[in-house]
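One-letter residues, chain by chain:
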Amino acid sequence: MYLWKQVDPLMQHQGEKVLKALLDSGHSAYFVGGCVRDELMDRPVHDMDIATSAKPEMVMDLFERTIPTGLQHGTVTVLMGDYPFEVTTFRKESHYEDHRHPSAVEFVSGIVEDLQRRDFTMNAIARSLDGELTDPFLGLEDIRKGIIRCVGKAEERFNEDALRMMRAIRFASVFGFRPVKSLWRALTNGRDKLSFVAMERIRAELERLVLGSHPLRGLELLRRSRLLHYAKIPFKEPGELTREQHQRLQALNHLPAEPQGLRWSMLLQGLAVSGSEAEALMKEWTFSNQVAETTAEIMRFDASWREIRSSLEVEETERLRRSWVSQQLLYGQTISGLWLERESQWLAYTGGEGREARLRLHEEEMQWHLAVPVHDLKELAIRGGDVLAALDLKGGPWLGELMKQVLLLVAVGDAPNEKKALLEYVKAVVRQNES
Ligand code: ATP
Ligand code: MG
């Protein structure tokens, strides 16, 4: 038995059960793809895919709990314990249509033929139950050299499925690997075929690239290849980047990958996209609404706060603080916190004039953020109903406005969050409006 170093032992145990059951019923079966590659690279393995000579119907018969995930590709998900395993019948693909989908999938009997249809040599290695590797395209050697090479002729492989160009750059970026010359040549020659690929698939690869550990490297490869220029919804290329934009991109590597809006907002801002453009662009690019909105909100927060800052002198601390608090109420505590986190990272990369003052103000921003005692009407010591009862008035749109005023009052620290004090304030305001 082979002891996997990068696999959760429980997952390994269940995965081996699946493999054994297939072997016991007379089929061949291997672990393949990402799990074998990541184990060889000493990177954590998150899931284990299995390739087998058993046809999908047999796999469904053999195991109690299965999901027909992609029968047309020969894939069945087998649930063993708490773990899902994708079990795919050995296959080759013939006749690609439109540079993206094989029009026919043909099952084959041997693992080597199955490995041959896979994209890169590092992804075309199989591992048997006892740990023996089947590595006909010398993927292990390429992993050791740190290079990305297609299985077979790169032109043909990219021509079959244009997404592979994007995957090549993603793997190069995440692993810090170098694409071999022939691959790069094929990519720059074949890049226009990316227009045939669904945006969802391109976005999924882009997401892994940007959230991986060396996003800058991937972005540089994307820039050099101009690959995204050929997507269905092309990414407009930024002109010459300013110093500030460069610094934003530099900071990207050091931001946490979650929540995603942190990196996306930094990236888009570094590419001179505005907050309102960002939301539409990301939605078009099939990002989830939540990621698109958080990204755009962080960018809008940034633009608005910059404008306020530039309209006030640094000495006007109290006015700055009040503006900060109203902005924080407007955008919410989460966005405000994310902006601060992003700003701290970015400030580590900025230099030049005014830096000291900016750092001092940033310290204050963080204190202001933490000191805000209430963030939401729900946290106030009075409700709309209390106000109506105290004033003996009927409700109306004025009440909402008044409550917002009360919230700001407490948030900036002009009144304590106590029922009596707040009702006094409300009465005074209404009296003043009446007179
Ligand atoms: P990750 O760790 O990002 O999931 P992975 O290698 O497991 O990487 P998957 O997209 O999960 O990537 O695909 C699993 C395997 O299927 C790959 O290792 C590769 O062998 C094969 N594969 C995936 N996509 C393609 C493709 N477009 N063309 C050829 N083979 C592919
Ligand atoms: Mg995978």
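Residues numbered from 1 in each chain as written. Chains lettered and ligands numbered in written order. Predicted model: local features only at pLDDT ≥ 70, side-chain atom pairs only at ≥ 80, totals over all residues. Heavy atoms only, no water.

Participant: Quick question: what am I supposed to make of the overall build of the protein here?
Facilitator: Within the protein, the secondary structure is distributed over 20 helices and 11 strands. Oriented by its inertia axes, the alpha-carbon framework of the protein measures out at about 90 × 50 × 40 Å. Taking the contacts inside the protein whose residues are at least 6 apart along the sequence as the reference set, 65% of them involve residues at least 24 apart. Of the roughly 21,300 Å² that the protein leaves accessible, carbon and sulfur atoms contribute 51%. Seen as two clouds, the 57 positive and the 65 negative side-chain charges of the protein have centres 3 Å apart. (Helix = DSSP H or I, 4+ residues; strand = E, 2+ residues; numbered from the N terminus. Contact = heavy atoms within 4.5 Å. Areas by Shrake-Rupley, 256 points an atom, 1.4 Å probe, with all protein chains shown as cover. Lys, Arg positive; Asp, Glu negative; His and termini not counted. Charge placed at Lys NZ, Arg CZ, Asp CG, Glu CD.)

Participant: Before we go on, may I ask you to explain the pattern of salt bridges in this structure?
Facilitator: Once their charged atoms are close, side chains differing in charge can pair, the charge on each being opposite to the other. Evaluation of the coordinates by the stated rule reveals 38 salt bridges. A salt bridge links E39 to K5, with the nearest nitrogen and oxygen atoms 3.9 Å apart. Here E39 is found in helix α2 (residues 34–40), whereas its partner K5 is found in the segment before α1 (9–24), with 34 residues between them in sequence. Among the salt bridges present, the one from E220 reaches R223, with a minimum N-O distance of 2.9 Å. Within this pair, E220 and its partner R223 are both found in helix α10 (residues 215–225), separated by 3 residues, close to a single helical turn. Taking the relative accessible area as the measure of exposure, E220 reaches 32% and is therefore partly exposed. (Salt bridge = Lys/Arg side-chain N within 4 Å of Asp/Glu carboxyl O. Buried < 20%, exposed > 50% of the residue type's maximum accessible area, 1.4 Å probe, protein only.)

Participant: Where do I start with unusual backbone geometry in this structure?
Facilitator: Negative phi is the rule for most residues except glycine; trans is the rule for most peptide bonds. In this model, E258 is joined to P259 through a cis peptide bond whose omega is -15 degrees. Of note, R226 is a non-glycine position whose phi angle comes to about 55 degrees, a positive value. Turning to its location among the elements, R226 is positioned in the loop between α10 and α11 (243–252). With relative accessibility at 31%, the residue R226 sits in the partly exposed group. Residues other than glycine seldom take positive phi values, yet T286 does so here, at roughly 70 degrees. Assignment of secondary structure puts T286 in the loop between α13 (275–284) and α14 (289–311). Its relative accessible area of 22% is what places T286 among the partly exposed residues.

Participant: When you look at the site of ligand 1 in this model, what are you seeing that I'm missing?
Facilitator: Neighbouring residues of ligand 1: 14 residues in total, closest R37, D161, R164, R170 and R208. In this structure, R37 approaches ligand 1 through a side-chain N or O atom, which is 2.7 Å from an oxygen atom. Within the backbone of D119, one N or O atom sits 3.2 Å away from a nitrogen atom of ligand 1. A total of 580 Å² of accessible area belongs to ligand 1 in isolation, and the protein chains cover 76% of it. Cavity membership is defined here by more than half of the atoms lying within 2 Å of grid points; on that basis ligand 1 lies in the largest pocket. When residues of the shell around ligand 1 are traced back to their parent elements, those giving at least two are α2 and α7 (163–175). No other element matches the 4 residues that α7 contributes to the shell around ligand 1. (Near = heavy atom within 4 Å. Polar contact = N/O pair within 3.5 Å; in protein donor to acceptor, adjacent residues only side chain to side chain. 1 Å grid on protein atoms, 1.4 Å probe; cavity = no way out; pocket = protein on both sides within 12 Å on 5 of 7 lines; lining within 4 Å. Sits in = over half its atoms within 2 Å of the grid points.)

Participant: Whenever I open this one, the layout of surface pockets confuses me. Can you help?
Facilitator: Over the atoms, a rolling probe the size of a water molecule traces out where space has been left empty. The volume enclosed by the largest pocket comes to roughly 1,500 Å³. Among the secondary structure elements, those contributing two or more residues to the lining of the largest pocket are α2, β2 (49–52), β3 (66–70), β5 (83–89), β6 (91–97), β7 (101–107), α7 and α9 (199–211). Ranked by residues supplied to the lining of the largest pocket, first place goes to α7 with 7 residues. Partitioning the lining of the largest pocket into residue classes produces 12 nonpolar, 12 polar and 19 charged. A domain split of the lining of the largest pocket shows at least three residues from each of domain 1 (9–144) and domain 2 (146–235). If you trace the second largest pocket, you find 28 residues lining it, with L219, R223, F235, P238 and L271 closest to the centre. Put simply, the parts of the chain that give the lining of the second largest pocket at least two residues each are α10, α11, α12 (261–270) and α13. No other element matches the 5 residues that α10 contributes to the lining of the second largest pocket. Its residues placed into classes, the lining of the second largest pocket shows 18 nonpolar, 4 polar and 6 charged. Three or more residues apiece are contributed to the lining of the second largest pocket by two domains, here domain 2 (146–235) and domain 3 (256–372). (Points joined across faces, edges and corners; volume = space filled by probe spheres on them. Nonpolar A, V, L, I, M, F, W, Y, C, P; charged D, E, K, R; others polar. Domains from an automatic or database assignment.)

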